[in-house]
Amino acid sequence: MAQWTSAVGAAQLARLLTSQQDRPAGPGTKRPPAYRSLADGIRLLVLEGRVPVAARLPAERELALSLSVSRTTVAAAYEALRTEGFLESRRGAGSWTAVPAGNPLPARGLEPLPPEALGSMIDLGTAALPAPEPWLTRAVQGALEELPPYAHTHGDYPAGLPALRAMIADRYTARGIPTMPEQIMVTTGAMGAMDAICHLFAGRGERIAVESPSYANILQLMREAGARLVPVAMAEGLAGWDVDRWRQVLREAAPRLAYVVADFHNPTGALADEDQRRRLVDAARSAGTVLVADETMSELWLDPDVEMPRAVCAFDPAGSTVITVGSASKAFWAGMRIGWVRAAPDVIRSLVAARAYADLGTPVLEQLAVNWLFGTGGWEQAVELRRGQARENRDALVTAVRRELPGWEFEVPRGGLTLWVRTGGLSGSRLAEVGERVGVRVPSGPRFGVDGAFEGYVRLPFTVGGAVAEEAAVRLGAAARLVESGATGAGESLRPFVA
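Thresholds, definitions, all that
- Position numbers for residues start from 1 in each chain and track the written sequence from start to end.
- Per-residue local features are limited, in this predicted model, to residues with pLDDT of at least 70; the limit for side-chain atom pairs, both in listing and counting, is 80 or more; totals at the level of whole chains, interfaces and linings are taken over all residues.
- To get the side-chain values, take all heavy atoms of the structure and skip hydrogens and water.
- Burial status follows relative accessibility: with a 1.4 Å probe on protein chains alone, a residue under 20% of its type maximum counts as buried, one over 50% as exposed, and anything between as partly exposed.
- We count a stretch as a helix when DSSP gives it H or I for four or more residues in a row; a strand needs E for two or more, and each element gets its number in order from the N terminus.
- Should DSSP find at least two bridges between two strands, the strands are regarded as paired.
- The handedness rule is simple: strands pointing away from the viewer, and a clockwise path from the first strand over the helix to the second, make the crossover right-handed.
- Here a polar contact means two N or O atoms within 3.5 Å. Within protein one must be a hydrogen donor candidate and the other an acceptor candidate, and residues neighboring in sequence count only if both atoms are side-chain atoms.
- Contact between two residues is taken to exist if any of their heavy atoms lie within 4.5 Å; hydrogens are not considered.
- For every element, the axis is a line fit to its C-alpha atoms; helices are fit only across the contacting stretch, and the angle between N-to-C directions ranges from 0 to 180 degrees.
- Stacked, tilted and edge-to-face pairs are distinguished by plane angle, under 30 degrees for stacked and over 60 for edge-to-face with tilted covering the rest, among Phe, Tyr and Trp rings (Trp via its six-membered ring) whose centres lie within 6.5 Å.
- Should the NZ of a Lys or the CZ of an Arg lie within 6 Å of a ring centre and within 35 degrees of the ring normal, that charge is described as sitting over the ring.
- Patch criteria: residues need more than 30% relative accessible area and no salt bridge. Like-charged residues are merged within 9 Å; nonpolar side chains of Val, Leu, Ile, Met, Phe, Trp and Tyr are merged within 5 Å.
- Per-residue and other accessible areas were derived by the Shrake-Rupley procedure at a 1.4 Å probe size, with only the shown protein chains allowed to occlude residues.
- For salt bridges, the criterion is a side-chain nitrogen of Lys or Arg within 4 Å of an Asp or Glu carboxyl oxygen.

1. Some thoughts on the pairing of strand S10 (residues 290-294)
For step 1, the next point in the chain: S10 sits mainly inside the fold: 5 of its 5 residues count as buried.
For step 2, the next point in the chain: Every second residue of S10 is oriented toward a common face, with Val290, Val292 and Asp294 on one face and Leu291 and Ala293 on the other, all of them buried.
For step 3, the next point in the chain: In this structure, strand S9 (residues 257-260) lies alongside S10, joined through 4 bridges in parallel fashion. Looking at S10, one finds that Ala258 is bridged to Leu291.
For step 4, the next point in the chain: Handedness of the S9-helix H10 (residues 274-287)-S10 crossover: right-handed.
For step 5, the next point in the chain: Sheet topology places S10 next to strand S11 (residues 322-327); 4 bridges connect them, and they run parallel. Within S11, the position partnered with Val292 by the bridge is Ile323.

In structure tokens form, the structure reads like this:
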């Protein structure tokens, strides 16, 4: 049986390799042999995630024709990649991309830094801001006032409090997506929602298609559930999804589930447009794949002129293809562990039934607090405060990074909480390691990819501003200089392919 889960055509690979020519090698760099440049180019595409791990590469003759090089050059490049562990081959099955066994692979997302360490370390590990006071305190006080009637019950609401389910349904209806309370289940955060969905739809060994890169904690949740992750590369920059690539993967890999973040994607910040959403829903429906749309960032537009597209579920009126996940944790506060699932009533019933063997239900007091926010207008005012904080932090961080690290590349997202940064060929894993030594904590790119991709990236969240953002960039600059100098034992920088 072949070990690859997707395929890259010769013409597509040639385009990706040619695009690297816009990234010149450093001054004084001796031009390597053609086969070495080709091998390094493919290796870079794998490490950056632009070609997924376990993607079948074109045959030697096909790629040679597309690149206008000799077949000998391609054969030598493939052999070099096999020797280095970036390519595996089997007679009759072809060759597919890999990551060397010795490379560090992402284990899980970064856990929050302990409070006692905050004085000496700038924490850019988690994309979460402090609570938007006074709204947290007011919401808890309002919840306490509503609590007495519930205290006289058993307090066990596996589907969520009826009042909150109705409130969430009404909010979807107000967005032009008719929704009944029977289509809502309240969960313990978005992670609780995704855990329930994965266990219901994707048993051990099932395939789940995911964006590449994607949210680190969700990827790890899926791994621990025993899923086989099928990465689908994002379009360049902030362009959103490559829907043609999605259609190909859904058709060929036939995954049971697909997980996407359409609204200010974590980590890239991309916002999928309406045409992309419509086409992806159609592709998932045709393939028989359940599409899970994560909306946790949907209210975090930071620029006032952003026009938000309709929700992904708006393109699935029958409710047979799309399951939506929402949460209060990103838009309001990470400590408010309230999430929800919107799906067809029969799916909600199945999720609720399975919950008896998981967490039973979500804390009543927190549900009442979110319900108070939704019902009083406090949510809108708190989220507006959150947008202002994130906008100021984003602008400060962007300015500081551009000043201290002018060789790093990124596009500024118009919403969300994260900046996805290409580190000029430096190892993101080494930067993360050295960063902790110089007092800044940053997650490396491979945490957001499948099997070690995105080595040339780091994610920077908008969690600090002002002088702290400036100091974070100074420390990142110090870490980058150490990695670049080789003082930490880092490997050589990545070279572009030149045919």
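2. Some points on the side chain of Thr423
For step 1, the next point in the chain: Summarising the element assignment, Thr423 is placed in the loop between strand S13 (418-422) and helix H14 (428-438).
For step 2, the next point in the chain: From its side chain, Thr423 meets the backbone oxygen of Leu426 in a polar contact 2.8 Å long.
For step 3, the next point in the chain: The residues touching Thr423, leaving out its near neighbours within four places in the chain, are Trp408, Leu431, Gly456, Tyr457 and Val458.

3. Concerning the sheet that holds S11
For step 1, the next point in the chain: Ordered by their spatial adjacency, 7 strands build an open sheet running S6-S12-S11-S10-S9-S7-S8, and the pairing between neighbours is mixed. Strands at the two margins of the open sheet, each flanked by one partner only, are strand S6 (184-187) and strand S8 (228-233). Neighbouring strand axes in the sheet, compared pairwise and without regard to direction, differ in orientation by 20° on average.
For step 2, the next point in the chain: Pairing geometry for S11 and strand S12 (residues 339-342), over 4 bridges, is antiparallel.

4. Re the packing of aromatic side chains
Any pair of aromatic rings gets described here by the distance separating the centres and the angle formed by the planes.
For step 1, the next point in the chain: In the structure shown here, the tally under the stated rule is 8 aromatic pairs.
For step 2, the next point in the chain: Each ring, one from Trp420 and one from Phe454, has its centre 5.7 Å from the other, and the planes form 70°; the classification is edge-to-face. Placement of Trp420 in strand S13 and of Phe454 in the loop between strand S14 (440-441) and strand S15 (457-461) is noted, with a sequence separation of 34 residues between them.
For step 3, the next point in the chain: Ring geometry for Phe454 against Tyr457: centres 5.8 Å apart, planes inclined by 75°, an arrangement best described as edge-to-face.
For step 4, the next point in the chain: Taken together, the aromatic side chains of Phe332, Trp340, Phe374 and Trp379 make up a single cluster linked through ring pairs.
For step 5, the next point in the chain: In this arrangement the basic side chain of Arg138 is found over the ring face of Trp135, its NZ or CZ atom lying 4.6 Å from the centre.
For step 6, the next point in the chain: Seen from the ring of Tyr172, Arg342 lies directly overhead, with NZ or CZ sitting 5.8 Å from the centre.

5. A look at a nonpolar patch on the surface
For step 1, the next point in the chain: A surface patch of nonpolar side chains, about 220 Å² in accessible area, is lined by Val140, Leu144 and Leu365.
For step 2, the next point in the chain: Its place among the elements puts Leu365 in helix H12 (residues 364-376).
For step 3, the next point in the chain: Assessed through its relative accessible area of 34%, Leu365 is described here as partly exposed.

6. Describing the environment of Ile168
For step 1, the next point in the chain: Relative to the elements of secondary structure, Ile168 occurs in helix H6 (residues 162-174).
For step 2, the next point in the chain: We classify Ile168 as buried; its relative accessible area is 2%.
For step 3, the next point in the chain: Counting along the chain gives 158 residues from Ile168 to Gly326, while the straight-line C-alpha distance between them is 9.7 Å.
For step 4, the next point in the chain: Setting aside chain neighbours within four positions, we find Ile168 in contact with Ile184, Val186, Trp340 and Phe374.

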